[in-house]
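Remarks on the overall topology
Spelled out from the first residue to the last, the chains are:
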Amino acid sequence: MNNQTYQLLNAQINEELYSAYLYLTFADHFEARGLRGFANWYYIQTQEERDHAMLLRRYLLNEGKSPVMEAVAKPDASFKTDLEVLEAALEHERYITAKINAIYKSAQAEDDFRTMQMLDWFVKEQGEEEDNARTQVDQYKLFGSDPMALFNLDRENAARVYAAPSLVL
Ligand code: MG
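The text that follows walks through the structure, step by step, so that each part is easy to find. (Residues numbered from 1 in each chain as written. Predicted model: local features only at pLDDT ≥ 70, side-chain atom pairs only at ≥ 80, totals over all residues. Heavy atoms only, no water.)

1. So, helix α5 (residues 147–158)
Helix length check: α5 (12 residues) gives 16 Å between terminal C-alpha atoms against 16 Å at 1.5 Å per residue, within 8%. Listed as buried for α5 are Ala149, Leu150, Leu153, Asp154 and Asn157. Along the axis of α5, the buried residues cluster in a sector spanning 140 degrees; they form a single face. For α5, the exposed residues lying more than 90 degrees away from the buried face are Met148 and Arg155. (Helix = DSSP H or I, 4+ residues; strand = E, 2+ residues; numbered from the N terminus. Expected span 1.5 Å × (residues − 1). Buried < 20%, exposed > 50% of the residue type's maximum accessible area, 1.4 Å probe, protein only. Arc of directions from axis to C-beta.)

This is the structure we're talking about:
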């Protein structure tokens, strides 16, 4: 692994921990709104983001590299409405996808096949993350203004359960 790939992977640990922290802020918004199901959705997102950080950390350790923990930034809490939260989540996942792609490019340029193979899981995961976030936005736009429909959306999100990542390192 070259130094640039190492630096990018190490920075990505911080990006994933920031994601976890951001999603806690989103959960807090929905807690305050009395939408515990939406809050549950983001608590589970937080767990997943922590998993992502731990996977990248384990990968560095497996490669004989030292992870360096940097400060995690204060989450952007400039949103006001439910829809703004859901849109911020989609925007954030697109940002993370770009970050993963940049690491992939760095690994690819150096024929770092092992890092590319590890990142394949993250590439696929980002597709799922964007799809989930987009679905949340679409459903809220369609149904969110109707109290009974919002109640049902909240119940649906309350049913989500945490599943450990399928990638084992
Ligand atoms: Mg992530």
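2. Looking at the packing of aromatic side chains
A full pass over the atoms with the stated rule returns 8 aromatic pairs. A centroid spacing of 5.6 Å and a plane angle of 55 degrees characterise the contact between Tyr23 and Phe26, whose relative ring orientation is tilted. With Tyr23 and Phe26 both in helix α1 (residues 3–33) and 3 residues apart, the pair spans about one turn of that helix. Residue Tyr23 is classed as buried on the basis of its relative accessible area, which comes to 1%. For Phe26, a relative accessible area of 1% gives the class buried. Arranged with centres 5.0 Å apart and planes meeting at 25 degrees, the rings of Phe30 and Phe38 form a pair that is stacked. The pair Phe30 / Phe38 is uniform in exposure class, with both members buried. Among the aromatic residues, those joined into a ring-pair cluster are Tyr23, Phe26, Phe30, Phe38, Tyr42, Phe79 and Tyr140. Stacked on the ring of Tyr6, the Lys or Arg Lys65 has its end atom at 5.7 Å from the ring centre. (Phe/Tyr/Trp six-rings, centres within 6.5 Å; stacked < 30°, edge-to-face > 60°. Lys NZ or Arg CZ within 6 Å of the ring centre and 35° of its normal.)

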